[in-house]
Amino acid sequence: MKTRKIVITGGPGTGKTSVIEALEESGYFCFHEVSREIIKEAQKKGIDQLFLKEPLLFSELLLEGRIKQHKDAEIVAANMVFLDRGVPDVVAYMNYFGNEYPPVFNRVCKEYLYDEIFILPPWKQIYTEDSERYESYEQAVAIHDHLAESYKFHGYRPIEVPCGPVEERASFILDQLV
């Protein structure tokens, strides 16, 4: 049985984590965002924002984590799994910040493929900053645009998830997968 890999992406503060948690509560296998763990580990070492201090290292760690999730999804005993972000997100963020990166970043986007991409649009009413999210709402909008562009560049057609209650957003995603 081939496990379908479904990515839920979007700029910061769009509700991805809430939707992933709702899907998980409904019994679906979900992989959570790896960047928060990388940020927390760096903070334990006294580096407040690893992405700002060493963007290439941060992005390499993200790429490694997202590739591991992709591989782990292959062996999950389920017909589909949900991932909070995918490999093309790393390229999108590097492009947003104007950082250079090696060709392997785009190459792995072509190697580790997903079956469907859902993108949550910016939503000012729910946007908040926290200890790991330092972007302004305007920056979150620009990041969203880079994410959409990155997925399209890598051959995907992201499906935009309408704003609304978490349960409705999760239902919308599931209805598209039938």
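To be clear, the structure that these remarks concern was listed above.
Residues numbered from 1 in each chain as written. Predicted model: local features only at pLDDT ≥ 70, side-chain atom pairs only at ≥ 80, totals over all residues. Heavy atoms only, no water.

Trainee: Go over the side chain of Thr3, please, and point to the residues and values.
Mentor: With respect to the secondary-structure elements, Thr3 resides in the segment before strand S1 (4-10). A distance of 3.1 Å separates a polar atom in the side chain of Thr3 from the backbone oxygen of Val76. Polar contacts involving the side chain of Thr3 include one to the main-chain carbonyl oxygen of Ala78, which spans 3.0 Å. Not counting residues up to four positions away in its chain, the partners in contact with Thr3 are Ala73, Glu74, Val76, Ala78, Asn79, Met80, Val81 and Asp115. (Helix = DSSP H or I, 4+ residues; strand = E, 2+ residues; numbered from the N terminus. Polar contact = N/O pair within 3.5 Å; in protein donor to acceptor, adjacent residues only side chain to side chain. Contact = heavy atoms within 4.5 Å.)

Trainee: Quick rundown of the environment of Ala92? Include the residues and the values.
Mentor: Its location among the elements puts Ala92 in helix H5 (residues 87-97). Between the alpha carbons of Ala92 and Arg169 there is a distance of 23 Å; along the sequence they are 77 residues apart. Residues contacting Ala92, with those up to four places away along its chain left out, are His146, Leu147 and Ser150.

Trainee: How would you summarise unusual backbone geometry if you had to cite specific residues and measurements?
Mentor: The backbone phi angle of Arg85 is positive, close to 85°, even though this residue is not glycine. The topology assignment puts Arg85 in the loop between strand S3 (80-84) and H5.

Trainee: Before we move on, can you summarise a negative patch on the surface with the specific residues and values?
Mentor: A cluster of acidic side chains, namely Glu21, Glu24, Glu25, Glu167 and Glu168, defines a negative patch on the protein surface. Only helix H1 (16-25) and helix H8 (166-176) provide two or more residues apiece to the negative patch. The element that contributes the greatest number of residues to the negative patch is H1, accounting for 3 residues. Assignment of secondary structure puts Glu25 in helix H1. (Patch = residues over 30% accessible without salt bridge, like charges linked within 9 Å, V, L, I, M, F, W, Y side chains within 5 Å. Areas by Shrake-Rupley, 256 points an atom, 1.4 Å probe, with all protein chains shown as cover. Salt bridge = Lys/Arg side-chain N within 4 Å of Asp/Glu carboxyl O. Lys, Arg positive; Asp, Glu negative; His and termini not counted. Charge placed at Lys NZ, Arg CZ, Asp CG, Glu CD.)

Trainee: With reference to specific residues and values, describe the packing of aromatic side chains.
Mentor: Scanning the entire structure with this criterion turns up 6 aromatic pairs. Ring plane angle 80° and centroid distance 4.6 Å describe the contact between Tyr96 and Phe97, whose orientation is recorded as edge-to-face. With 5.4 Å between their ring centres and 40° between their planes, Tyr101 and Phe105 make a pair best called tilted. Residue Phe105 is classed as buried on the basis of its relative accessible area of 1%. Through a chain of ring-to-ring contacts, the aromatic side chains of Tyr114, Tyr151 and Tyr156 assemble into a single cluster. A cation over an aromatic ring shows up here: Lys110 above the ring of Phe153, its NZ or CZ 5.6 Å from the ring centre. (Phe/Tyr/Trp six-rings, centres within 6.5 Å; stacked < 30°, edge-to-face > 60°. Buried < 20%, exposed > 50% of the residue type's maximum accessible area, 1.4 Å probe, protein only. Lys NZ or Arg CZ within 6 Å of the ring centre and 35° of its normal.)

Trainee: Tell me about the nonpolar core, and please be specific about residues and values.
Mentor: Phe58, Leu63, Val87 and Tyr114 are the most contacted members of the largest nonpolar core, which totals 30 residues. Sorting the residues of this core by element identifies helix H2 (35-44), helix H3 (50-53), helix H4 (55-74), S3, H5 and helix H6 (104-111) as the ones contributing at least two each. No other element matches H4, which puts 5 residues into this core. Once you skip the residues sitting within four places of it in the chain, Leu63 turns out to touch Val87, Val90, Phe105 and Val108. With 16 residues, the next largest nonpolar core counts Ile6, Met80, Phe118 and Leu174 among its residues. (Core = buried A, V, L, I, M, F, W, Y, C linked by side-chain atoms within 4.5 Å.)

Trainee: Residues and numbers for the pairing of S3, please.
Mentor: Consecutive side chains of a regular strand alternate in pointing toward one face of the sheet and then the other. When you tally the buried positions in S3, you get 5 out of 5 residues, the bulk of the element. Here S3 shows a buried face lined by Met80, Phe82 and Asp84 and a second buried face lined by Val81 and Leu83. Relative to S3, S1 runs parallel, the two being bridged by 5 bridges. In the strand pairing of S3, Ile6 is matched with Phe82. Where strand S2 (residues 29-31) and S3 come together, 3 bridges link them in parallel fashion. Directly across from Phe31, in S3, lies its bridge partner Leu83. (Pairing = 2+ DSSP bridges.)

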